[in-house]
Amino acid sequence: MEKNILKKLQGKGLIIHHWDTDGICSATLLLKHLHDKNIDNKTPELGNYYLTKKELQEYSKKYDYIIIADMSLPEDNILKLAKKSEILIFDHHLGKEIKQAYHHNPIIKGENPDKHPSASWIINTYLNNPINIYAILGIIGDHEQKIKNNPVFYKIITDFCKENHLTFNDLLKMVYLIDTNYKIGDKKAVEEAPKKLLTIDSPDDILNNEKWNKNLEKLNKEIQKILDQPHEEINNAIVFKKINTPYNIISTITRKIAWNTGKNTLIINTGFFNNMDQIYTRSNNKNMELMIKRGKELGFKCGGKKEVLGAIVPKEKTDDFVIELIDFLKK
């Protein structure tokens with residue numbers, strides 16, 4: 001019954017989605033469902049977990065309804081958009097319900113995140129679709145090998161692979177290829193990707209995409225170069241590393257180090273923005289919700305999930321916030 005909310009949308013629409021595989025596949029599922037609607041898709045400026053003033057002004061004037069997928073945009077962004085447009089949010093990140101928008105996010109309603117591993121899965125279930133490659137790729141994108149620790153979803157993925165003559169590594173490679181668009185900094189390619197995925201005839205169309213494979217080769221070299229550089233360890237429990245790269249690979253670096261070491265990991269990238277730093281933290285034993293809230297109180301663009309914090313911080317305020325994060329992870 002709920003999916004009628006989407007079917008009843010009128011006028012010109014916009015999907016604002018995260019730039020990673022989960023966000024792209026979430027947008028693909030929505031575009032497929034709303035194929036008869038006049039609808040565009042956009043991602044925020046890469047690296048921004050918020051909309052700029054220019055984006056807010058453009059979208060407020062142009063669209064009758066806006067669907068936000070796999071992004072916890074700041075409340076002030078939502079309220080600004082809601083003045084002129086109907087707002088619907090499909091997400092699995094931490095946040096709070098905003099009465100001016102329709103929310104479909106089981107996580108902020110207190111449900112177990114292990115049962116809702118990606119926005120793509122949440123959307124696919126909401127649409128009452130059969131299990132498909134878009135729903136599966138979103139899960140793999142957000143969890144990679146770690147999804148094997150979730151017996152329910154690992155069985156779903158294994159069964160899907162058997163039925164479609166795929167391996168888990170095939171799915172992982174597809175995710176890496178799709179993610180190259182944002183990591184290389186190609187916003188236009190990110191926004192083209194959902195429609196491109198709609199046209200695929202088979203998974204081989206993803207695996208053999210020439211442009212994405214070239215991107216991946218370039219990124220893998222940069223990632224390995226950074227991983228080979230030494231990092232600092234604090235109290236033998238926290239890995240701390242400062243990097244300087246123009247590529248949007250901070251989450252990848254953090255994930256690889258955290259999963260390889262089994263330790264809380266804090267990474268700063270000074271090279272993506274001119275006057276801001278990217279901060280990314282992944283914890284295996286702390287609930288980062290308190291520090292996400294703290295970052296927002298300090299006026300930073302900050303978001304994440306229970307185990308992950310991502311923030312964009314003015315360079316002159318980075319050190320102070322990093323000290324707070326380290327103190328929190330030490331407790």
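Since this is a predicted model, take the numbers as computed values, not measurements. (Residues numbered from 1 in each chain as written. Predicted model: local features only at pLDDT ≥ 70, side-chain atom pairs only at ≥ 80, totals over all residues. Heavy atoms only, no water.)

Enquirer: Honestly, the packing of helix H8 (residues 168–183) against helix H11 (residues 210–228) in this entry has me stumped. Any pointers?
Expert: Relative orientation and spacing of two packed helices are given, respectively, by the angle between their axes and the distance between those axes. Two elements in contact, H8 and H11, have axes separated by 8 Å at closest approach and are oriented at 80°. As summarised for this structure, H8 and H11 are arranged roughly perpendicular, according to the angle between their axes. Contacts between H8 and H11 involve Lys173, Tyr176, Leu177, Ile178, Thr180, Asn181 and Lys183 on the former and, on the latter, Trp212, Asn213, Asn215, Leu216 and Leu219. By residue class, the composition of the contact of H8 with H11 is six nonpolar, four polar and two charged. (Axes fitted to C-alpha atoms, helices over the stretch in contact; angles between N-to-C directions. Helix = DSSP H or I, 4+ residues; strand = E, 2+ residues; numbered from the N terminus. Parallel < 35°, antiparallel > 145°, perpendicular 65-115°, else oblique. Contact = heavy atoms within 4.5 Å. Nonpolar A, V, L, I, M, F, W, Y, C, P; charged D, E, K, R; others polar.)

Enquirer: I'm lost on the sheet that holds strand S2 (residues 38–42) in this one. Help?
Expert: Strand pairing in a sheet takes place through backbone hydrogen bonds and is either antiparallel or parallel in direction. With parallel pairing, the five strands of this open sheet are ordered in space as S2-S1-S3-S4-S5. Every interior strand has two partners, whereas the edge strands, S2 and strand S5 (102–104), have only one. Going from strand to strand, the sheet's axes swing by 15° on average, the running direction of each strand aside. Note that strand S1 (residues 12–17) and S2 share five bridges and pair parallel. By the bridge assignment for S2, Leu14 is matched with Asp40. Here helix H9 (residues 187–198) sits on the sheet in contact with S1 and S2, set at roughly 135° to S2. (Pairing = 2+ DSSP bridges.)

Enquirer: Could you clarify how one ought to interpret the packing of helix H5 (residues 119–126) against helix H6 (residues 133–143) in this entry?
Expert: Contact pair H5 / H6: the axes reach a minimum separation of 7 Å and the direction vectors enclose 150°. Looking at the two axes, H5 sits roughly antiparallel to H6. Two secondary-structure elements touch here, H5 through Ser120, Trp121 and Asn124 and H6 through Tyr134, Ala135, Gly138 and Ile139. Each residue belonging to the contact of H5 with H6 can be placed in one class, and the counts come to four nonpolar, three polar and no charged.

Enquirer: Mind showing me how you'd approach the pairing of strand S7 (residues 238–243) here?
Expert: Looking down a regular strand, the side chains alternate between one sheet face and the other. Of all six residues in S7, five are buried; the element is thus mostly enclosed. Two strands pair when backbone bridges link them, and strand S6 (residues 232–234) and S7 are joined in this way by three bridges, in the antiparallel orientation. The partner of Glu233 across the bridge, within S7, is Val239. Counting the residues that bridge the hairpin from S6 to S7 gives three residues, and of these Asn235 lies at a positive phi of roughly 55°. Alignment of S7 against strand S8 (residues 264–269), held across six bridges, turns out to be parallel. Looking at the pairing, Lys242 lines up with Ile268 of S8. With helix H12 (residues 250–261) bridging S7 and the parallel S8, this β-α-β connection has right-handed handedness. (Buried < 20%, exposed > 50% of the residue type's maximum accessible area, 1.4 Å probe, protein only. Right-handed = clockwise from strand over helix to strand, strands pointing away.)

Enquirer: Sorry if this is basic, but what is going on with the pattern of salt bridges here?
Expert: For side chains bearing opposite charge, pairing can occur when the charged atoms are close. Throughout the structure, instances matching the rule amount to 13 salt bridges. One salt bridge in this structure joins Lys62 and Glu58, with 3.9 Å as the shortest N-O distance. Residue Lys62 and its partner Glu58 are both found in helix H3 (residues 53–62); the two are separated by four residues, about one turn of the helix. You can call Lys62 partly exposed: its relative accessible area is 41%. We classify Glu58 as partly exposed; its relative accessible area is 33%. (Salt bridge = Lys/Arg side-chain N within 4 Å of Asp/Glu carboxyl O.)

Enquirer: How should the sheet that holds S8 be read in this particular structure?
Expert: Taken together, six strands build an open sheet; the order of strands is S6-S7-S8-S9-S11-S10 and the sheet is mixed. Both edges of this open sheet fall to S6 and strand S10 (301–305), since each of them pairs with a single strand only. Adjacent strand axes in the sheet meet at a mean angle of 15° when their direction is disregarded. With five bridges connecting them, S8 and strand S9 (residues 276–282) associate as antiparallel partners. What sits directly across from Ile267, in S9, is Tyr280.

Enquirer: Help me understand empty space enclosed by the protein in this model?
Expert: Regions of empty space are outlined by a rolling probe, equal in size to a water molecule, passed over the atoms. Taken as a whole and judged by the stated rule, the model has one cavity of 30 Å³ or more. Counted as a void, the largest cavity has a volume near 510 Å³. Lining the largest cavity we find 33 residues, and of these His18, Asp20, Tyr49, Ser251 and Tyr280 sit closest to its centre. Taken together, the elements giving at least two residues each to the lining of the largest cavity come down to H6, H8, H12, S9, S10 and strand S11 (308–314). It is S11 that contributes the most residues to the lining of the largest cavity, five residues altogether. (1 Å grid on protein atoms, 1.4 Å probe; cavity = no way out; pocket = protein on both sides within 12 Å on 5 of 7 lines; lining within 4 Å. Points joined across faces, edges and corners; volume = space filled by probe spheres on them.)

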